[in-house]
Number of protein chains: 2
Amino acid sequence: MNLKTNHTIHSHQCHTSWDNSIAPILTVTPGESVEFDVQEASAGQLSSQSLVGDVADLDFGRINPVNGPIFIDGAKPGDALKVSILAFEPSGWGWTANIPGFGLLADQFPDPALHIWSYEKSASMPAAYGPGGRVPLKPFCGTIGVAPREAGVHSVVPPRQVGGNMDIRDLAAGTELFLPVEVEGALFSVGDTHAAQGDGEICGTAIESPMSVALRFELVHDANIPFPRFTTPGPVTRHLDAKGYDVTAGIGPDLMSAAHDAVSYMIDLLSAQHGLSAMDAYLLCSVCGDLKISEIVDVPNWVVSFYFPRIVFE
Amino acid sequence: MNLKTNHTIHSHQCHTSWDNSIAPILTVTPGESVEFDVQEASAGQLSSQSLVGDVADLDFGRINPVNGPIFIDGAKPGDALKVSILAFEPSGWGWTANIPGFGLLADQFPDPALHIWSYEKSASMPAAYGPGGRVPLKPFCGTIGVAPREAGVHSVVPPRQVGGNMDIRDLAAGTELFLPVEVEGALFSVGDTHAAQGDGEICGTAIESPMSVALRFELVHDANIPFPRFTTPGPVTRHLDAKGYDVTAGIGPDLMSAAHDAVSYMIDLLSAQHGLSAMDAYLLCSVCGDLKISEIVDVPNWVVSFYFPRIVFE
């Protein structure tokens, strides 16, 4: 990486669950920066040569490794850990899969699927999607967080108040993230880098891609924040919004059902408009379409909308 | 309005519930356009001179009038009604209220509140918010839909599969909306114009503002769409995204609770950063902050994020 950091963490220096008894691998002083060499979420079980059959063979005990933990000197419960996301150095390849039983439409898509991506390493050009379309990229950290207060082993899959697998696609370069510290030293870890993802990550995977990421750590003492928050350095959708959006709505008394309906509707629309298979449309929606809550107050029905950027096909 | 339309509907030509037995006030041929002179959602009960006490006196039997119904010649159940949103002529004033019992944080904000807005009529300049901030505007139709198949009187408050009070802030000029037709002639109505609103409309009201809107109607026969969908002519957030966003996350197993947590967190943040009262921050968030579903797949916890555009205070 061109950017010079104070420390480097290699890809093997990782763990696969949150547990505040895991010994830190590095102690940093506030103000210092660290480069992390992050594996993709399968931890090497999938490669650029993988085929769909490999999805069925995934060992879930190994997935979503995170690099760390990092002990931040002076961090105490009640502080906020400020993480400045400095830069990414993407690898140029990634994968998107439908993993049976996982994803918003798991009921409609029971079979495994795998798409391997190849992209230009600067991530400044859209990546071609074999079945059709070109997807603008924006690398970010899918999993980023600190150790929970509660003792014991906690799955790395769900995010929590301390962060973790939040899959917020705007945790990209230039963003400043604040995480609530629950244990001494914070015990920070990061992993699950993505080359692109839409809001929702609807099929359950993004463009899962190994890359290096540089982060700087600072502390805000006694901030007592309830959840993560962040500040973006500028607009968050300009890489994909130039041609506008096709939007489908789901309407009803349950936000989850409305989201399900909106996405299912978009898959039908993209399939009809562009001749994609339903599965190909589903994976594509996951990497570039956005779930928004249009209204959450007009009792008893809410509107969840799914925004698909038209630039992908224009 | 500078734009010439085939027909004009005046503000008093309205109704306050969806009911497919209401006689149409106009029949249009596909391809024709109509200008609607839309009242704000209180139907004249609030004015630019109103005070907070007037909120408590609102007669809910009169709220959210919609202009119509318009019979579209040849529309049949199973068709889609294509509505091209051509232009708005805003009035230059509007209101935002906290109505007790209504809104995402109704539990935290039991008291009425009212803010009266004055804005430049082209809506091209941000509107000053008295307690602090300047809100970029984008006029749109809060309520737009067709009559439901089911006989009888249906409240105008909730949206349905046929549209209605969807409060989708991107139903702005240039957007093409497709609505599922359930009865002969479609029986289209529109109302509840807003000068600005964030995704979610979290306090329950937007910048409620009377304005004229010009629409053109066409039919797509046998489209058989399950819900409304639309296409935007270009980017949807460029009026407010230039300075980036402050974002708060809510994380947990229920989307509604996560949305509640994210918004509540943002209100605390804005109050601390800008010296706003909690109520002022709540109303401000409703007119310019966006609720997004960041991830909906990392079982069992989802992430709902609330995006507040920093340009409001910069």
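Bear in mind that the values here come from a model prediction, so they are computed numbers and not experimental data.

S.K.: Could you give an account of the overall build of chain A, with specific residues and numbers?
M.R.: What chain A contains, in helices and strands, is three helices and 21 strands. Dimensions of chain A, computed from the C-alpha atoms along their principal axes, are close to 55 × 50 × 35 Å. When the 314 residues of chain A are sorted by exposure, 64% land in the buried category. Relative to all contacts within chain A whose residues are 6 or more apart in sequence, the contacts with residues 24 or more apart total 79%. In the form shown here, chain A has an accessible surface area of approximately 10,300 Å², with 50% of it arising from carbon and sulfur atoms. The averaged location of the 36 negative side-chain charges in chain A is 9 Å from the averaged location of its 16 positive side-chain charges.

S.K.: Help me get a handle on the relation of the copies chain A and chain B, residues and values and all.
M.R.: Mapping chain A onto chain B calls for a screw motion: a turn of 180° about the axis and a shift of 0.0 Å along it, with 0.0 Å RMSD after fitting. The symmetry that links the two subunits is that of a two-fold axis. Among all residues of chain A, the one whose C-alpha sits closest to the rotation axis is Lys292 of chain A, at a distance of 2.2 Å. Of the residues that chain A buries at the interface, 100% are likewise interface residues in chain B, meaning the two copies contact each other through the same surface.

S.K.: Now, about the environment of Ser305 of chain A: what can you tell me, with residues and values included?
M.R.: Positionally, Ser305 of chain A belongs in strand β21 (residues 302-309). Accessibility expressed as a relative area gives 0% for Ser305 of chain A, which makes it buried. Distance in space between the C-alpha atoms of Ser305 of chain A and His154 of chain A is 32 Å, their sequence separation being 151 residues. Ignoring any residue separated from it by four or fewer positions in sequence, one finds Ser305 of chain A in contact with Val247, Thr248, Ala249, Ala262, Asp290, Leu291, Lys292 and Ser294 of chain A together with Ile168 of chain B. Looking at Ser305 of chain A, its side chain comes within polar contact range of the side chain of Ser294 of chain A, at 2.7 Å.

S.K.: Tell me what's going on with the domain arrangement of chain A, and back it up with residues and numbers.
M.R.: Accessible area lost upon the coming together of the parts is a frequently used measure of interface size. Residue and element names in this part refer to chain A. By the assigned domains, chain A splits into domain 1 (7-231) and domain 2 (239-312). In this complex, domain 1 contributes 38 residues to the contact, which on the side of domain 2 involves 25 residues. Buried area between domain 1 and domain 2, summed over both chains or domains, comes out near 2,400 Å², and the portion from carbon and sulfur atoms is 69%. Where domain 1 meets domain 2, there are one salt bridge. Residues Asp290 and Arg169 are paired through a salt bridge, measuring 2.9 Å at the closest nitrogen-oxygen approach. Linking domain 1 with domain 2 are 15 residue pairs in polar contact (both at pLDDT 80 or more), by the criterion used here. When contributions to the side of domain 1 that touches domain 2 are tallied by element, the ones reaching two or more residues are β8 (93-98), β9 (113-118) and β11 (134-135).

S.K.: Kindly report on the interface of chain A and chain B, identifying the contributing residues and their values.
M.R.: Across the boundary between the two partners, chain A contributes 67 residues, which contact 68 residues of chain B. Taking both partners together, chain A and chain B bury about 5,400 Å²; carbon and sulfur atoms supply 60% of that area. In this structure, the connection of chain A to chain B is made through two salt bridges. Here Asp241 of chain B ties to Arg238 of chain A by a salt bridge, and the two come within 2.4 Å at their closest N and O atoms. Our enumeration of links across chain A and chain B arrives at 28 residue pairs in polar contact (both at pLDDT 80 or more). When contributions to the side of chain A that touches chain B are tallied by element, the ones reaching two or more residues are β18 (229-231), β19 (245-252), α2 (255-274), β20 (290-295) and β21 of chain A. Per element, the largest residue contribution to the side of chain A that touches chain B is seven residues, and it comes from β19 of chain A. When the residues that make up the side of chain A that touches chain B are grouped by side-chain class, the tally is 36 nonpolar, 16 polar and 15 charged. Both β19 of chain A and strand β18 (residues 229-231) of chain B contribute to a ladder of three bridges, which runs antiparallel.

S.K.: So what's going on with the nonpolar core? Residues and values would help.
M.R.: Among the nonpolar cores identified, the biggest contains 176 residues, and Phe36, Leu81 and Phe188 of chain A together with Phe36, Leu81 and Phe188 of chain B are the most heavily contacted of them. Ignoring any residue separated from it by four or fewer positions in sequence, one finds Phe36 of chain B in contact with Ile9, Asn67, Ile70, Phe188, Val190, Met211, Ser212, Val213, Leu215 and Phe217 of chain B.

S.K.: Tell me what's going on with the side chain of Gln45 of chain B, and back it up with residues and numbers.
M.R.: Residues and elements named next belong to chain B. Secondary-structure assignment places Gln45 in the loop between β5 (33-38) and α1 (53-56). Accessibility expressed as a relative area gives 19% for Gln45, which makes it buried. Among the polar contacts made by the side chain of Gln45, one reaches the main-chain amide nitrogen of Asp59 at a distance of 2.7 Å. With residues near it in sequence (within four places) discarded, Gln45 still touches Glu40, Ser50, Asp57, Leu58, Asp59, Arg62 and Ile63.

S.K.: How would you explain unusual backbone geometry if you had to name every residue and give the values?
M.R.: Here Val299 of chain A and Pro300 of chain A are connected by a cis peptide whose omega angle stands at 0°. Within the secondary structure, Pro300 of chain A is located in the loop between β20 and β21. Located in the positive-phi region is Asn224 of chain B, a residue other than glycine, with phi close to 50°. Assignment of secondary structure puts Asn224 of chain B in the loop between β17 (211-220) and β18.

S.K.: Residues and numbers for the pairing of strand β6 (residues 66-72) of chain A, please.
M.R.: Residues and elements named next belong to chain A. For β6, a buried count of six out of seven residues is recorded, marking the element as mostly surrounded by other parts of the structure. In this sheet, β6 lies alongside strand β2 (residues 14-15) in antiparallel orientation, the contact comprising two bridges. By the bridge assignment, His15 is partnered in β6 with Val66. Note that strand β4 (residues 26-28) and β6 share three bridges and pair parallel. Residue pairing in the sheet places Leu26 in a bridge with Ile70 of β6.

Criteria and cut-off values
Residues numbered from 1 in each chain as written. Chains lettered and ligands numbered in written order. Predicted model: local features only at pLDDT ≥ 70, side-chain atom pairs only at ≥ 80, totals over all residues. Heavy atoms only, no water. Helix = DSSP H or I, 4+ residues; strand = E, 2+ residues; numbered from the N terminus. Buried < 20%, exposed > 50% of the residue type's maximum accessible area, 1.4 Å probe, protein only. Contact = heavy atoms within 4.5 Å. Areas by Shrake-Rupley, 256 points an atom, 1.4 Å probe, with all protein chains shown as cover. Lys, Arg positive; Asp, Glu negative; His and termini not counted. Charge placed at Lys NZ, Arg CZ, Asp CG, Glu CD. Least-squares fit on C-alpha atoms with pLDDT ≥ 70 in both. Polar contact = N/O pair within 3.5 Å; in protein donor to acceptor, adjacent residues only side chain to side chain. Domains from an automatic or database assignment. Buried area = accessible area lost by both parts, 1.4 Å probe. Salt bridge = Lys/Arg side-chain N within 4 Å of Asp/Glu carboxyl O. Nonpolar A, V, L, I, M, F, W, Y, C, P; charged D, E, K, R; others polar. Pairing = 2+ DSSP bridges. Core = buried A, V, L, I, M, F, W, Y, C linked by side-chain atoms within 4.5 Å.

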